[in-house]
Amino acid sequence: MRILFLDQSGKPGGAELCLLDIASQYGDRPLIGLFADGPFRALLEQHRVPVRVLAERAINVNKGSNLLQGLSSITQVVPLISQVVQLSRQYDAIYANTQKALVVGAIASGLSQRPLVYHLHDIVSPDHFSSINRRLIVGLANQFASCVIANSQASATAFIAAGGRAELVEVVYNGFNAALYQHHRAAATALRHALGLGDRLVIGHFSRLSPWKGQHVLIDALSHCSPNVVALFVGDALFGEEAYADQLRQQVAALGLGDRVHFLGFRDDIPQLMTLCDLVAHTSTAPEPFGRVIVEAMLCGTPVVAAAAGGVMELVEPGQTGWLTPPSDADALAQVIQTVQAQPEQTRAIAHHAQMVAAQRFELSHTNAQIDRIMQQLVPQQQQQPALQQ
Ligand code: UDP
């Protein structure tokens, strides 16, 4: 099976990290075509996944763009489509991993007669997309995709509610290699000391800095907690949201929390950092499509509190595998932090249970087998192209 994967981003967000795991199972046979250069290309090369940057500069349209902004990108999109059409003739199927990849992949699939799979990592709702973008996603997927892989039931439901064809949709959760998240105690302790965190209660937040990821909610909650509670923000403003990063720093200064808040920027030692935390907080203010960081924290054995909306509801069973709080509710979050502080035994038991459940439910080999089954059904063995001579 030779798959041409398409992704619009040169930066490693959740959708890209998920793609890395999926594409890796096909060895050197697939190609990942990126619409922008960046650290994601380096990560793929490091994992020996064939990758090619197909565009000289990133396409200048985002989830909130209107029709005019969309049309202005046509001069960038047309040459990209023509490249993808040429390339796709050497592959059995096109696998679009992001919204712009869907636009390019759908037209290319029509022209090259290759089947199209769309991996939906988003909740197609007004919280996340402009009306024109929602119609574009649903229209193209309905018309061109042979399968829409939704990363949660919540993403699937939103797609169907927006007019997506239900019979196209298969829910496949992100998969994780549990071994990568375990046994980091010694490194975590060393890191805790290196960061000067001592024996304070450390609340970790792992996400790109973006208003809807709600870092401001945790800062607000921190101001209601005792002074020995500190917050660690891991992640950067990946998609041009530097103004929000500045706003967070101003909020910290205004609340006098300078010595209790650490911004670490983008890191690639997530398991060690999560392991050193006493609690991982997820605070998205809009429904989260999946929430990889929640599963990752569980796999590290670190307790999790998450905002109760979207795919998160499928990941956390309150009181059993973590805590849920209403989105944007800083008081409720502060209360959970106080509970974690006051009840270490119960907290440990919940985290331990979550670790076992997550390792079973989100096993990477299971996810990869589900994806491969979908792809094999789409392109039966006898129709697949032979491997290229290297
Ligand atoms: N992540 C990372 N380094 C950082 C911050 C985040 O590698 O500094 C990873 C994190 O471990 C997770 C992904 O980025 O695997 C974010 O995925 P999630 O589903 O939580 O959010 P998304 O970016 O898809 O909205």
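Heads up: these notes are all about the structure in this document. Not measured: the values here are computed from a predicted model. Throughout, a residue's number is its position along its own chain's written sequence, starting from 1. Local features are withheld for residues below a pLDDT of 70 in this predicted model, meaning they are given only at 70 or higher, and side-chain atom pairs are given and counted only at 80 or more; totals for whole chains, interfaces and linings count all residues. Think of the side-chain values as coming from all heavy atoms in the structure, minus any hydrogens and water.

Focus: the packing of helix H5 (residues 99–112) against helix H6 (residues 131–144)
Piece 1. Orientation of H5 relative to H6, taken along the N-to-C sense of each, is 35 degrees, at an axis distance of 10 Å. Note on packing geometry: the crossing formed by H5 with H6 is left-handed. Touching Gln99, Leu102, Val103, Ala106, Ser109 and Gly110 of H5 are Asn133, Leu136, Ile137, Leu140, Ala141 and Phe144, all from H6.
Piece 2. When residues are sorted by character, Ala, Val, Leu, Ile, Met, Phe, Trp, Tyr, Cys and Pro go into the nonpolar class, Asp, Glu, Lys and Arg into the charged class, and all the rest, Gly among them, into the polar class. For the contact of H5 with H6, the class distribution of residues is eight nonpolar, four polar and no charged. Axis geometry follows a simple rule: fit a line to the C-alpha atoms, using only the stretch in contact for helices, then measure angles between N-to-C directions, giving values from 0 to 180 degrees. Counting from the N terminus, the helices are DSSP H or I runs at least four residues long and the strands are E runs at least two residues long. Note on convention: the crossing is left-handed when the near helix lies turned anticlockwise from the far helix by less than a right angle, right-handed when the turn is clockwise. Contact between two residues is taken to exist if any of their heavy atoms lie within 4.5 Å; hydrogens are not considered.

Some words on the layout of surface pockets
Any empty space left between the atoms is revealed when a probe the size of a water molecule rolls over them.
Piece 1. Cavities and pockets are found on a 1 Å grid laid over the protein atoms alone: a cavity is a set of points where a 1.4 Å probe fits but cannot escape, a pocket is an open set with protein on both sides within 12 Å along at least five of seven lines, and a lining residue has an atom within 4 Å of such a point. Grid points are joined across faces, edges and corners, and a volume is the space filled by probe spheres set on the points. Of the voids in this model, the second largest pocket is the one considered here, and its volume is about 530 Å³.
Piece 2. Lining the second largest pocket are 24 residues, and of these Arg185, Cys277, Asp278, Pro303 and Arg348 lie nearest its centre.
Piece 3. Counting only elements with at least two residues in the lining of the second largest pocket, the list comes to helix H8 (185–194), helix H11 (270–276), helix H14 (330–342) and helix H15 (344–361).
Piece 4. At six residues, the largest contribution of residues to the lining of the second largest pocket is made by H15.

Description of the site of the ligand
Piece 1. Residues are classed as near a molecule or strand on a simple rule: at least one heavy atom within 4 Å of it. Near the ligand you find 15 residues, and of these Arg208, Lys213, Arg267, Arg292 and Glu296 are the closest.
Piece 2. Between the ligand and the protein, one listed contact pairs an oxygen atom with a side-chain N or O atom of Lys213 at 2.8 Å.
Piece 3. Within the backbone of Arg292, a nitrogen or oxygen atom sits 2.9 Å from an oxygen atom of the ligand.
Piece 4. Accessible surface area values rest on a Shrake-Rupley calculation with a 1.4 Å probe, where residue burial reflects the displayed protein chains alone. Against a free-state accessible area of 540 Å², the protein chains account for coverage of 89% of the ligand.
Piece 5. Where the shell around the ligand is concerned, the elements lending two or more residues are helix H1 (14–24) and helix H12 (292–300).
Piece 6. Examining the composition of the shell around the ligand, we find that three residues originate from one element, H12, more than from any other. As used in this structure description, the phrase polar contact means that two N or O atoms lie within 3.5 Å; if the pair is within protein, one of them must be able to donate a hydrogen and the other to accept it, and residues adjacent in sequence are counted only when both atoms belong to side chains.

Description of the nonpolar core
Where a protein is soluble and globular, its nonpolar side chains tend to be buried together.
Piece 1. Core analysis: the largest hydrophobic core is formed by 36 residues, its most contacted members being Leu6, Tyr118 and Val148.
Piece 2. A per-element tally of this core places helix H4 (residues 74–88) first, with six residues.
Piece 3. Residues within four places of Tyr118 in sequence aside, it is in contact with Ala96, Thr98, Gln99, Leu102, Ile137, Ala141, Ala145, Cys147, Val148 and Ile149.
Piece 4. Buried Ala, Val, Leu, Ile, Met, Phe, Trp, Tyr and Cys residues form a nonpolar core when they are joined through side-chain atoms within 4.5 Å. Burial classification: accessible surface area is computed with a 1.4 Å probe over protein chains only, and a residue below 20% of its type maximum counts as buried, one above 50% as exposed, and the rest as partly exposed. Counting 33 residues, the second largest nonpolar core, distinct from the first, contains Ala178, Phe290, Val293 and Val304.

Quick word on the packing of aromatic side chains
Piece 1. Side-chain rings of Phe, Tyr and Trp (the six-membered ring for Trp) are treated as a pair once their centres are within 6.5 Å; stacked means planes under 30 degrees apart, edge-to-face means over 60, and tilted covers the remaining angles. This structure, assessed with the given rule, holds eight aromatic pairs.
Piece 2. Seen in terms of ring centroids, Phe5 and Tyr26 are 6.5 Å apart; in terms of plane orientation they differ by 40 degrees. Their pairing is tilted. Of this pair, Phe5 sits in strand E1 (residues 3–7) while Tyr26 sits in the loop between H1 and strand E2 (31–34), placing them 21 residues apart in sequence.
Piece 3. When the ring of Phe176 is compared with that of Phe290, the centres are 6.5 Å apart and the planes differ by 15 degrees; the resulting orientation is stacked. Placement of Phe176 in the loop between strand E7 (169–171) and H8 and of Phe290 in the loop between strand E11 (279–281) and H12 is noted, with a sequence separation of 114 residues between them. Comparing Phe176 with Phe290, the two get one shared label, buried.
Piece 4. A network of ring pairs unites the aromatic residues Tyr173, Phe176, Tyr181, Phe290 and Phe362 as a single cluster.
Piece 5. Two thresholds decide whether a charge sits over a ring: the Lys NZ or Arg CZ must be within 6 Å of the ring centre and within 35 degrees of the ring normal. The residue whose ring lies beneath Arg249 is Phe263, and the NZ or CZ to ring-centre distance is 4.7 Å.

Looking at H8
Piece 1. Along H8, the residues classified as buried are Ala188, Leu191 and Arg192. End-on, the buried residues of H8 take up no more than an arc of 105 degrees, which puts them together on one face. Exposed side chains of H8 directed beyond 90 degrees from the buried face belong to Ala186, His193 and Ala194.
Piece 2. Residue Gly196 follows H8 closely and has a positive phi angle near 70 degrees. This arc is built from the directions going out from the helix axis to the C-beta atoms.

Description of the packing of H1 against helix H2 (residues 39–46)
Piece 1. Direction vectors running N to C along H1 and H2 enclose 20 degrees, while the axes themselves pass 11 Å from each other. It follows from the interaxial angle that H1 and H2 lie roughly parallel. The handedness of the crossing between H1 and H2 comes out as right-handed. Residues Glu16, Leu17, Leu19 and Leu20 of H1 form the contact with H2, whose own contacting residues are Phe40, Leu43 and Leu44.
Piece 2. Among the residues forming the contact of H1 with H2, the class breakdown is six nonpolar, no polar and one charged. For classification, angles of less than 35 degrees are called roughly parallel, those exceeding 145 degrees roughly antiparallel, those between 65 and 115 degrees roughly perpendicular, and all remaining angles oblique.

Digging into unusual backbone geometry
Piece 1. Of note, the phi angle at Arg48 is positive, near 60 degrees, even though the residue is not glycine.
Piece 2. A positive phi angle, close to 60 degrees, is found at Gln113, a residue other than glycine.
Piece 3. Secondary-structure assignment places Gln113 in the loop between H5 and strand E5 (116–120).

A word on the sheet that holds strand E9 (residues 229–234)
The strands that make up a sheet are held in pairs by hydrogen bonds between backbone atoms, and each pair lies either parallel or antiparallel.
Piece 1. One open sheet accounts for six strands, arranged E10-E9-E8-E11-E12-E13; its pairing is parallel. The open sheet has two free edges, formed respectively by strand E10 (261–265) and strand E13 (323–325), since each of these has just one partner strand. Adjacent strand axes in the sheet meet at a mean angle of 25 degrees when their direction is disregarded.
Piece 2. Along the sheet, H14 contacts strand E8 (201–206), E9, E11, strand E12 (304–307) and E13; its crossing angle with E13, the most-contacted strand, is approximately 160 degrees. Pairing between strands is defined by DSSP: at least two bridges between the two strands are required.

Section: empty space enclosed by the protein
Piece 1. A full pass over the atoms with the stated rule returns one cavity of 30 Å³ or more.
Piece 2. In this structure, the largest cavity spans a volume of roughly 40 Å³.
Piece 3. Forming the boundary of the largest cavity are Val217, His282, Thr283, Ala307, Thr325, Pro326, Pro327, Ser328, Asp329 and Leu333.
Piece 4. Among the residues forming the lining of the largest cavity, the class breakdown is five nonpolar, four polar and one charged.

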